[in-house]
Structures are given as structure tokens and as C-alpha cells.
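# Survey of secondary and tertiary structure
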Amino acid sequence: MNPIGIASVPSSVTALPPTALAAQGGGVIADYSAETWWLTLIKAVFIMVFLILSVILAIWAERRVLGRMQTRPGPNVNGPLGLPQLIADAAKLIMKEDFWLKGAESLIYLLGPIIAAFSAFMIYAVIPFGPQVSMFGHSTPLQLTDFPVSVLYVLAITGFGVYGIILGGWSTHSTYPLFGSVRSAAQVISYELSMSLSILTVFLASGTMSTSGIVGAQERLWWCVAMIPSFLIYVVSMVGEVNRLPFDLPEAEGELVAGHMVEYSSMKFAWYYLGEYINMFNVSAVCTTLFLGGWRSFILASFWDGANSGWWPMLWFVMKVWCVMLFMIWTRGTLVRIRYDHFMKLGWKFLIPVSLVWFVLVAIVQGYRSFSGGSTQGLLLVLAAIFLVAMVILLILPEGGEEDELEDSGTLEDDAESITVPGEEFDAFADGFPVPPLPGQKLPPSPRARRADRAAAPVLDAASDVSLSAASIQTATDSDVTAQEGTDD
């Protein structure tokens, strides 16, 4: 019985080498011909337990590492190994009051965190933890499932997960959550493009979109070495994809309090929190699978024949994932949040054009290999080095901004004086669409500010009356004193 028929390989070809097996299975190397339903269930339960325990360990490790890096002793001295603080936070989330907003869209308000959390659990279904092993007398791969377009499935689930953030922010009918969800939508769309383009080069070099096939294609050389630009672009994009510093703009504490999670509490907030950390493990696992050789060990395999067989590769995979996780923790402890316009400029004006150019170069190299039949590993390394130098030069070169030139020439001030009309209120919806104010113009006060002004007006009037009364009494007193002094004289 095989519940995952799309990724199955007939038993007659199980003796074929991996390359022939991959050719017949659309690039899928994993063999599910001996799979049973209870093996699939065991793998699914293991993935869920592994992710939940990994999130708990990641929160603990992040606090410990950041505490050491930023000289904050709290997480490191609060009880044995800082564990009581983690237990207290978990108890607080469970016992905290679970409030509901009266004016929110109730169904969507609840659906937002559920989508964000459950879509995060689905990525690891196609991530290979190791090679074929024997489990309870059955030969099975250390992977839940695989099919010829597994990486497209990962991208689709990633795009679907952002709906949880968008719907959660919109359903509250509140300002800050809406701003956070809109930022998240723009951020995910921008950085998914650069991430997808960097992954396309891996498809070209591997000849497959299957995760097990991509790991098999890195038997001799990891793609992070052969395609350094793609690896660097993916690393930057993955940090932006999971909203981590320096790209945590959808939930910037200094601007939006907590972004789309402002109006959530208790376990609904915990679902968002869980989904965020699981997504960190998701992008780390995808990075390990596509660029770091997956479960394969390059150094140990050079002197140990059994390094890439049996259950040992599962340990190498987990270690690589945690190395990427520690890198993201390191960036949070060292880098500051960048400005939103700089963030979007980095994605649209640098990462996406560079990804396109590098994709074209890799396509040319693959075409050369197909027609000439020669090896292209050396050529890829040379192109990657040249391209990396060009990227650094473009990033370092100063860019003359039109706004700076206009400010130097005084044109912006002249335009602002010509645009601004004294006493005229700026209409942000003049043409039916929200338009930001031009230099020199000011937005009218928001309805909330107007209500606050109206509520504060009686208090100010009473205060002014008291001030006037006190001033009149003081004036009368001064007059009486002056008259008394005149009489005495």
C-alpha cells in the first residue's frame, strides 16, 4: 500500500542507480515503493513534534545568545540555564485573558492565526532529513513525501501563509494591525521574487525541482560554492521573508507596537508566535536543502565511508539547520532595523535585477554544457567570482539621488511654496485614491485626533476660566495693596 503515489517508483526499478531512478521519477530520488500508511503517520507525527520542540529550544537559545551578545544577564541567570523564564512565558500565554474585539470580523479574526500556524507546519513535508533507511523492516526515505515540483510547493505554501498575517491585521478594524499587514504583503511579494529567482538557478544546475533530486545533485559540490550569488541573494531574501531584524518592518515595535499582532492575546497570539519561529526553521531547512548539500556531509565523507548512509545524515541535516538559525539570531543581535523605503529599494532595485542577470548567466552556462558536453563546475565558479565582485562594486558605489540634488538646488522648497495654499486643507482622497502629501503640505487631523481634541476642549476651557479668575483676583489684590500704600504715604 502506498498512500503517496505521485512520488512512488515501481519496485522493478529499485535496484537502479540514483541517476537512472531520478530520470524515471521526474528527478525524484526518494523511493516510496515500500511505504505503508503507518510509516507515513509516524513521519508526520515526528515532524510536528520536532518542530514544536525545536521552537521551544530556539526561543531559549535565542534569549541565551542575545543575552551574551548584548550583555543582558537576565536570560542567563534566571534559574538553572534560564529555563524558568521560558516556562513562565509559556504559562503566561496559556493563562492570559483571551479577549475578543467587539468590532472585529469574528471568523476572519480567528482564521488569521490558524492559517499562519498551520501553513508553517506544511513545509517540512517535502524536506529530506536523510537517505533510505530501514524502519521496522521497511525501506523508506527519511522524508514524508516528494514529487517532481516539491520546491514549487514550498513557494506556494509560503505565499499562502501571508494570508494569515493580512487577514489577521485587516479583520481587527484597527490602524496599527492594518499597517503591519499591508507592510507584510508588500514585503513578502517583493522578497519572494528575488528568492524565487535565486532558486531558479538551482533548478537549472540540478535539472530537477524535487528536493531529494537537488540533494542528490550536490554529491560532489554544494551549490552554495558553485553559485555564491544565488546563495547570498537567498540568505538576504529569507531574512526578509520571515520578518526578522533588520527586516522586521511588519511588526516594528517602535512604529507599530507589534504590527498585525497588536489586537491578539493568549493562544491566538501564541499561534502567530509559533508560526514565526517555525517559518525560521522552514527557510533554514530550504537553505540547507538547496545550497548546503542537504543531509550530505562533505568533509566527513572524505575520510568516513559511512558518513552519508544510515541515520547519521539526519544529524548533519539538523546541525546545518541550526547553523542557519544561529546566523539569523546573530543578525538580530547586531543589526538595526532599516528604513522602509531603503528596504523596498534593496529588494526591487538591487536583489531582483541582480537575480535576473545571474539567472541568465547560469542559463548560458547550462546551454554550453548541454551542447558541448563538457564540465561546467569550473566555469560556474569563475562566473560566480566575477559576478560577486561586480555586486560588491555596485553596492559600494555612491548613488546620486534626485531628491538630494533638488534639495541642494532649493527646488523642493520653491515647489512647496507654490503648491501650499495658506488655509487650504490637503485632501488625501482628491482623485479617489489615497495620495501622500507633497513637500510643504500637511494632512488634516485624523478622526481620532479630532475626537480627542473635542474631549479635551471642556477641560481646557475650565482651566482657562480658572486661570482668568486667578489672574483677576491677583490684579484686584495688587490694586488694593497699591491703594493702601498710597494712603499710608
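In the block above lies the structure referred to throughout.
Keep in mind that what you see is a predicted model, and the values were worked out from it rather than measured.

Relative to strand β2 (residues 138–141), strand β1 (residues 132–135) is paired through four bridges, and the arrangement is antiparallel. Within β2, the position partnered with S134 by the bridge is S139. Hairpin connection of β1 to β2: two residues between the antiparallel strands, including F136 at a positive phi of 55 degrees.

Helix-helix packing is described using two parameters, namely the angle between the two axes and the distance between the axes. Interhelical geometry of helix α2 (residues 37–69) versus helix α4 (residues 83–95) gives an angle of 125 degrees and a closest axis separation of 10 Å. Of the possible angle classes, the one that applies to α2 and α4 is oblique. Considering the relative orientation of α2 and α4, their crossing is right-handed. Of the residues in α4, those touching α2 at I56, I59, W60 and R63 are L83, Q85, L86 and D89. Grouping the constituent residues of the contact of α2 with α4 by class yields five nonpolar, one polar and two charged.

Our next topic: helix α10 (residues 228–241). Under the 1.5 Å per step criterion, the end-to-end length of α10 is 20 Å for 14 residues, consistent within 8% with the ideal 20 Å. Buried residues dominate α10, accounting for eleven of its 14 residues. Along α10, the residues that are buried comprise P229, S230, F231, I233, Y234, V235, S237, M238, V239, G240 and E241. At the exit of α10 stands N243, carrying a positive phi of roughly 60 degrees.

Before going further, it helps to examine helix α12 (residues 266–291). Along its 26 residues, α12 runs 38 Å from first to last C-alpha, staying within 8% of the 38 Å computed at 1.5 Å per residue. In terms of burial, α12 is largely enclosed, as 21 of its 26 residues are buried. Immediately downstream of α12, the backbone of G293 shows phi near 80 degrees, a positive value.

Summed over all chains, the structure comprises three cavities of 30 Å³ or more. By volume, the largest cavity amounts to about 440 Å³. Along the wall of the largest cavity there are 29 residues; nearest its centre are T158, E241, V242, G275 and N279. Put simply, the parts of the chain that give the lining of the largest cavity at least two residues each are α5 (106–121), α6 (150–171), α7 (175–206), α10 and α12. If you tally residues by element for the lining of the largest cavity, the top one is α6, at eight residues. Its residues placed into classes, the lining of the largest cavity shows 17 nonpolar, nine polar and three charged.

Of note, S184 is situated in helix α7. Setting aside residues no more than four positions away along its own chain, S184 makes contact with V162, I165, N243 and P250.

Moving on, we get to the packing of aromatic side chains. Counting across every chain of the model gives 23 aromatic pairs. Centroid distance Y191 to F247: 5.9 Å. Interplanar angle 35 degrees. Geometry classified as tilted. Here the residue Y191 occupies a position in helix α7, and F247 occupies one in the loop between α10 and α11 (253–256), the gap between them amounting to 56 residues. Comparing Y191 with F247 shows no difference in burial state: the two are buried. Pairing Y340 with F343 gives two aromatic rings, centres 6.4 Å apart and planes at 45 degrees, and the pair type is tilted. Placement of both Y340 and F343 in helix α15 (residues 340–372) is noted, with a separation of three residues, approximately one turn of the helix. Positioned above the aromatic ring of Y340 is the side chain of R183, whose terminal nitrogen or guanidinium carbon lies 5.1 Å from the ring centre.

Moving on, we get to the layout of surface pockets. In this structure, the second largest pocket spans a volume of roughly 660 Å³. Elements supplying a minimum of two residues to the lining of the second largest pocket: α2, α4, α5 and α12. For the lining of the second largest pocket, the element with the highest residue contribution is α12, accounting for seven residues. For the lining of the second largest pocket, a count of residues per class yields 19 nonpolar, two polar and four charged.

In this section: the packing of α2 against helix α14 (residues 312–334). Look at α2 against α14: their axes get within 10 Å of each other, and the N-to-C directions meet at 40 degrees. Between α2 and α14, the angle is such that the two are oblique. Our pair here, α2 against α14, has a crossing hand that is right-handed. Here F46, F50, S54, L57, A58, A61, E62, V65, L66 and M69 of α2 lie close against α14, whose contacting residues are M314, V318, W322, M325, L326, I329, W330, R332, G333 and T334. Of the residues belonging to the contact of α2 with α14, the class tally is 15 nonpolar, three polar and two charged.

Definitions and cut-offs
- Residues numbered from 1 in each chain as written.
- Predicted model: local features only at pLDDT ≥ 70, side-chain atom pairs only at ≥ 80, totals over all residues.
- Heavy atoms only, no water.
- Pairing = 2+ DSSP bridges.
- Helix = DSSP H or I, 4+ residues; strand = E, 2+ residues; numbered from the N terminus.
- Axes fitted to C-alpha atoms, helices over the stretch in contact; angles between N-to-C directions.
- Parallel < 35°, antiparallel > 145°, perpendicular 65-115°, else oblique.
- Left-handed = near helix turned anticlockwise from the far one by under 90°.
- Contact = heavy atoms within 4.5 Å.
- Nonpolar A, V, L, I, M, F, W, Y, C, P; charged D, E, K, R; others polar.
- Expected span 1.5 Å × (residues − 1).
- Buried < 20%, exposed > 50% of the residue type's maximum accessible area, 1.4 Å probe, protein only.
- 1 Å grid on protein atoms, 1.4 Å probe; cavity = no way out; pocket = protein on both sides within 12 Å on 5 of 7 lines; lining within 4 Å.
- Points joined across faces, edges and corners; volume = space filled by probe spheres on them.
- Phe/Tyr/Trp six-rings, centres within 6.5 Å; stacked < 30°, edge-to-face > 60°.
- Lys NZ or Arg CZ within 6 Å of the ring centre and 35° of its normal.

These figures capture arrangement, not role.
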